[in-house]
Amino acid sequence: MSGTEHLLTERHGPTLVLTLNRPEAKNAFSIPMLVGLYDAWLEADADDGIRSVVLTGAGGAFCAGMDLKALARGGGGFAEDDPHRARLAADPDLHWKAMLRHHRPRKPVIAAVEGVCVAGGTEILQGTDIRVAAESASFGLFEVRRGLFPIGGSTVRLQRQIPRTHALEMLLTGRRYTAAEAAATGLVGSVVPDGTALKRALELAEAVNEAAPLAVEAVKRSVYETAGLSEEEGLARELEIGWPVFATEDAKEGPRAFAEHRTPVYLRH
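Residues numbered from 1 in each chain as written. Predicted model: local features only at pLDDT ≥ 70, side-chain atom pairs only at ≥ 80, totals over all residues. Heavy atoms only, no water.

By the naming in an unreviewed UniProt entry, the chain goes by Crotonase/enoyl-CoA hydratase family protein and is assigned to Streptacidiphilus alkalitolerans. The record held by UniProt for the chain lists under Sequence similarities (unreviewed entry) the comment "Belongs to the enoyl-CoA hydratase/isomerase family." (UniProt positions renumbered as here; feature names shortened; annotations may be inferred.)

Description of the packing of helix α6 (residues 154-161) against helix α7 (residues 164-173)
Contact pair α6 / α7: the axes reach a minimum separation of 7 Å and the direction vectors enclose 140°. The handedness of the crossing between α6 and α7 is right-handed. Contact with α6, carried on its side by S154, T155, L158 and Q159, involves R164, A167, M170 and L171 of α7 and no other residues of that element. Among the residues making up the contact of α6 with α7, the classes are represented as four nonpolar, three polar and one charged. (Axes fitted to C-alpha atoms, helices over the stretch in contact; angles between N-to-C directions. Helix = DSSP H or I, 4+ residues; strand = E, 2+ residues; numbered from the N terminus. Left-handed = near helix turned anticlockwise from the far one by under 90°. Contact = heavy atoms within 4.5 Å. Nonpolar A, V, L, I, M, F, W, Y, C, P; charged D, E, K, R; others polar.)

Remarks on the nonpolar core
One finds L18, L37, V113 and F139 to be the most contacted residues of the largest nonpolar core, which totals 45 residues. Mapped onto this core, the elements with two or more residues apiece are β3 (15-20), α1 (31-46), β4 (52-57), α4 (94-98), β5 (109-113), α5 (120-125), α7 and α8 (179-185). Per-element tally for this core: the top contributor is α1, with nine residues. Those residues within four positions of L37 in sequence are excluded, and the remaining contacts are L7, L18, L20, F29, L55, A98 and I124. In terms of nonpolar packing, the next biggest core, distinct from the first, is built from ten residues, V54, A201, L204 and A205 among them. (Core = buried A, V, L, I, M, F, W, Y, C linked by side-chain atoms within 4.5 Å. Buried < 20%, exposed > 50% of the residue type's maximum accessible area, 1.4 Å probe, protein only.)

Observations regarding a positive patch on the surface
Together, K26, R145, R146 and R176 make up a positively charged patch on the protein surface. One can find R176 in the loop between α7 and β9 (177-178). (Patch = residues over 30% accessible without salt bridge, like charges linked within 9 Å, V, L, I, M, F, W, Y side chains within 5 Å. Areas by Shrake-Rupley, 256 points an atom, 1.4 Å probe, with all protein chains shown as cover. Salt bridge = Lys/Arg side-chain N within 4 Å of Asp/Glu carboxyl O. Lys, Arg positive; Asp, Glu negative; His and termini not counted. Charge placed at Lys NZ, Arg CZ, Asp CG, Glu CD.)

A closer look at the side chain of T128
Looking at the secondary structure, you find T128 in the loop between α5 and β7 (130-134). Note on T128: relative accessible area 1%, which makes it buried. Reaching out from T128, the side chain makes a polar contact with the backbone oxygen of L125 at a distance of 2.6 Å. If near-sequence neighbours (up to four positions away) are discounted, T128 is found in contact with L55, L100, V109, A111 and Y224. (Polar contact = N/O pair within 3.5 Å; in protein donor to acceptor, adjacent residues only side chain to side chain.)

This is how it looks when you write it as structure tokens:
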């Protein structure tokens, strides 16, 4: 396992596992964590050996969002002598891209949520593709109760991911949601026993990894790029993205392996 002090990275075959690692602060964001996350998203995009990413947290929590105690001390919530400050100074949007507000990885991202997933934790969750929550996990956007604004994208994305009335209730009341409520609204896809979210996420990642990577990436791209289009425009864009997949060698390998009763070997071409 490697990574920065506040973000651990580990390879499970073709899956890159990213672990937010500030358990003493319920994995609240820090500069090293955000810089590490951004670099990890770039690594996942650049490395063809990575077919999926799992995002989770250490110590029985997912992420509590912004470090409010550090924020209250001033300095934007980050220490003046933090060596990662130069990275943020060089790219003012780096933290947004790290939180998946301004960046969408090509590879599927699966969230494994244990414990608290609130404020910025719920915001980065909205940038993931598949979401697994433990039974005792909790969710919420508390910003309005702190005189703040959920500027990580929630006023835009949440209403596109769950029914608007549920999105507005979450945004305007700032109340805490159980995993069962999160599943009922569609914020997460499945709820599993406590302590097994990562295991289930890795199982889902393995299923993704077994599929043809070019097809997987094209399907993800099409889902997101057609989301705001009319049906006519969306179907046209789907053809633009989908047809090239049929011209790949992988598209020949899949049916051939099926006919030969063997596991396909996809080579991304």
